[in-house]
Amino acid sequence: EAGVTQFPSHSVIEKGQTVTLRCDPISGHDNLYWYRRVMGKEIKFLLHFVKESKQDESGMPNNRFLAERTGGTYSTLKVQPAELEDSGVYFCASHPGPTDRGGYNEQFFGPGTRLTVL
Amino acid sequence: DQQVKQNSPSLSVQEGRISILNCDYTNSMFDYFLWYKKYPAEGPTFLISISSIKDKNEDGRFTVFLNKSAKHLSLHIVPSQPGDSAVYFCAASAGASWGKLQFGAGTQVVVTP
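Residues numbered from 1 in each chain as written. Chains lettered and ligands numbered in written order. Predicted model: local features only at pLDDT ≥ 70, side-chain atom pairs only at ≥ 80, totals over all residues. Heavy atoms only, no water.

**Some points on the overall build of chain B**
When helices and strands are tallied, chain B shows zero helices and eleven strands. Moving toward the C terminus, one meets the helices and strands of chain B in the order β-β-β-β-β-β-β-β-β-β-β. Its C-alpha radius of gyration of 13 Å places chain B within 12% of the 13 Å reference for a compact globule of 113 residues. Here chain B holds 113 residues, and the buried ones make up 50% of them. Across chain B, every contact between residues at least 6 apart in sequence was considered, and the portion connecting residues at least 24 apart equals 55%. Within the structure as shown, chain B displays about 5200 Å² of accessible surface, and the carbon and sulfur contribution to it stands at 51%. Separation between the mean location of the 10 positive side-chain charges and that of the 9 negative ones in chain B comes to 3 Å. (Helix = DSSP H or I, 4+ residues; strand = E, 2+ residues; numbered from the N terminus. Rg over C-alpha atoms; globule rule 2.2 N^0.38 Å. Buried < 20%, exposed > 50% of the residue type's maximum accessible area, 1.4 Å probe, protein only. Contact = heavy atoms within 4.5 Å. Areas by Shrake-Rupley, 256 points an atom, 1.4 Å probe, with all protein chains shown as cover. Lys, Arg positive; Asp, Glu negative; His and termini not counted. Charge placed at Lys NZ, Arg CZ, Asp CG, Glu CD.)

**Some remarks on the pattern of salt bridges**
All names here are of chain A. Scanning the model with the defined rule gives seven salt bridges over all chains in all. Across the salt bridge formed by Lys44 and Glu42, the nearest N and O atoms sit 3.9 Å from each other. When its relative accessible area of 12% is taken as the criterion, Glu42 is described as buried. Notably, a salt bridge pairs Glu85 with Arg64, separated by 4.0 Å at the nearest N-O pair. Here the residue Glu85 occupies a position in the loop between strand S8 (75–79) and strand S9 (88–95), and Arg64 occupies one in the loop between strand S6 (53–56) and strand S7 (65–68), the gap between them amounting to 21 residues. Judged by its relative accessible area of 13%, Arg64 is buried. Put simply, Arg64, Glu85 and Asp86 are held in one network by salt bridges that share partners. (Salt bridge = Lys/Arg side-chain N within 4 Å of Asp/Glu carboxyl O.)

**Description of the sheet that holds S7(A)**
Two strands in a sheet stick together by hydrogen bonds in their backbones, pointing the same way (parallel) or opposite ways (antiparallel). All names here are of chain A. In space, the four strands of this open sheet follow the order S1-S3-S8-S7, with antiparallel pairing throughout. Looking along the sheet, the strands with just one partner apiece sit at the ends: strand S1 (5–7) and S7. Strand-to-strand twist of the sheet, defined as the mean angle between neighbouring strand axes without regard to direction, takes the value 15°. The sheet contact formed by strand S3 (residues 19–24) and S8 spans five bridges and is antiparallel. (Pairing = 2+ DSSP bridges. Axes fitted to C-alpha atoms, helices over the stretch in contact; angles between N-to-C directions.)

**A short note on the sheet that holds strand S8 (residues 72–77) of chain B**
Residue and element names in this part refer to chain B. Strand order in the open sheet formed by five strands is S1-S3-S8-S7-S6, with antiparallel pairing between adjacent strands. Edge positions in the open sheet fall to strand S1 (4–5) and strand S6 (56–59), since each of these has one partner strand only. In the sheet, strand S3 (residues 19–25) pairs with S8 via six bridges, with the strands oriented antiparallel. Looking across to S8, one finds that Ile20 is bridged to His76.

**Quick word on the pairing of S6(B)**
As judged from the four bridges shared by S6(B) and strand S7 (residues 62–67) of chain B, these two strands associate in the antiparallel manner. Along S7(B), the bridge assignment pairs Asp59(B) with Phe62(B).

**Let's talk about the packing of aromatic side chains**
In this description, an aromatic ring pair is defined by two values, namely the gap between the centres and the angle between the planes. Per the stated rule, a full pass over the model turns up 14 aromatic pairs over all chains. Where Tyr35(A) meets Phe103(B), the ring centres are 5.7 Å apart and the plane angle is 90°; that geometry is what we call edge-to-face. Of this pair, Tyr35(A) sits in strand S4 (residues 31–37) while Phe103(B) sits in strand S10 (residues 102–103), each in a different chain. For Phe103(B), a relative accessible area of 3% gives the class buried. (Phe/Tyr/Trp six-rings, centres within 6.5 Å; stacked < 30°, edge-to-face > 60°.)

Listed below in structure tokens is the structure:
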């Protein structure tokens, strides 16, 4: 079974530019999450999709960040315009849902996209 | 406001000895706790978890202990092996064990021969 994949693995852009990150969850996983880790600190929650709907977007830093999950499959996270403080590693995670595994919240993570804003 | 804290950024342990990683939390609504392991350039991988109705969960060399009154959990690795060298993250979730995970900052473990 293929794991969570993310593209690109690295992105270096200049302040003010736009970047779009992509996440492909494990097939059949309705739940998709975005997280970010900045400068070796804690991994911070950004948002949670259930299929194509945003279940919780309380962690989105501001309106420069836009996440979509059209059709309930892959997801994109767009940063426009990018600022220096947006640099970090963006992780995507997925989970099948509470009907599997008794509802336990063990999310499967992708390898991350390292974003550097210069 | 960081609700999950790992106060030790690093831990060095000799191969074969016990590694003890600690984690504290502040939110009494957390009802499910997890440990993740992360190698460089990879995403975190799930290691072991514990529900708030238990105080101990064991899986092979890994044991997690939960002390709800102290809002503290720990991960024991016995015996430690060189392949255990990684960053370990403590995480917690609230409300029917579902939704977002809140992570600590991680502890870098180095197992020396």
